[in-house]
Amino acid sequence: QVQLVESGGGLVQTGGSLRLSCAGSGRTFSDYAVGWVREAPGTERRFVAAITWNGGNTYYVDSVKGRFTISRDNAKNTVFLQMNNLKPEDTAVYYCAADRLGGSRYLLENEHNYDYWGQGTQVTVSA
């Protein structure tokens, strides 16, 4: 089992940047693929980005490609989401999620395939 805690959310203007952090704890944190999933007001949770256990592969939803970068530091049990050129459409609660069995792009891009979730951190982008 792994426990996840997100941080780094806040209020930023259009075009600004934020870096989200996901701190993990557990004996096998480095074995998990990790994703970021967001929930905008009045919507369901949707996949944003994911990274495989060793950081060898990353995946993004089309709307954030070129703007967001996911990375991880397994020595520090931490996954990051660097968010640049933010838009009002990015406003949402962002959740860090871990997948104990997944690893393929097909599975990680489906937000329903994740096993463990953090509490979420609010990101608000003003016009």
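Residues numbered from 1 in each chain as written. Predicted model: local features only at pLDDT ≥ 70, side-chain atom pairs only at ≥ 80, totals over all residues. Heavy atoms only, no water.

**Q** Even after reading the chapter, I still don't get the state of the cysteines, so can you show me in this structure?
**A** Two cysteines joined by a covalent bond between their sulfur atoms form a disulfide. Applying the stated rule across the entire model yields 1 disulfide. Between Cys22 and Cys96 runs a disulfide, and the two sulfur atoms are separated by 2.0 Å. Its S-S torsion of approximately -75° makes the covalent link between Cys22 and Cys96 left-handed. Here Cys22 is found in strand S3 (residues 18–25), whereas its partner Cys96 is found in strand S9 (residues 92–99), with 74 residues between them in sequence. With relative accessibility at 0%, the residue Cys96 sits in the buried group. (Disulfide = S-S within 2.5 Å. Helix = DSSP H or I, 4+ residues; strand = E, 2+ residues; numbered from the N terminus. Buried < 20%, exposed > 50% of the residue type's maximum accessible area, 1.4 Å probe, protein only.)

**Q** Can you walk me through the pairing of S9 in this structure?
**A** The two faces of a sheet get side chains in turn, since along a regular strand they alternate between them. With 7 of 8 residues buried, S9 is to be regarded as a mostly interior element. The sheet contact formed by strand S4 (residues 33–39) and S9 spans 7 bridges and is antiparallel. Of the residues in S9, the one forming a bridge with Val34 is Ala98. Sheet topology places S9 next to strand S11 (residues 121–126); 3 bridges connect them, and they run antiparallel. Looking at the pairing, Val93 lines up with Gln122 of S11. Pairing geometry for S9 and strand S10 (residues 116–117), over 2 bridges, is antiparallel. Bridging across to S10, Ala97 finds its partner in Trp117. (Pairing = 2+ DSSP bridges.)

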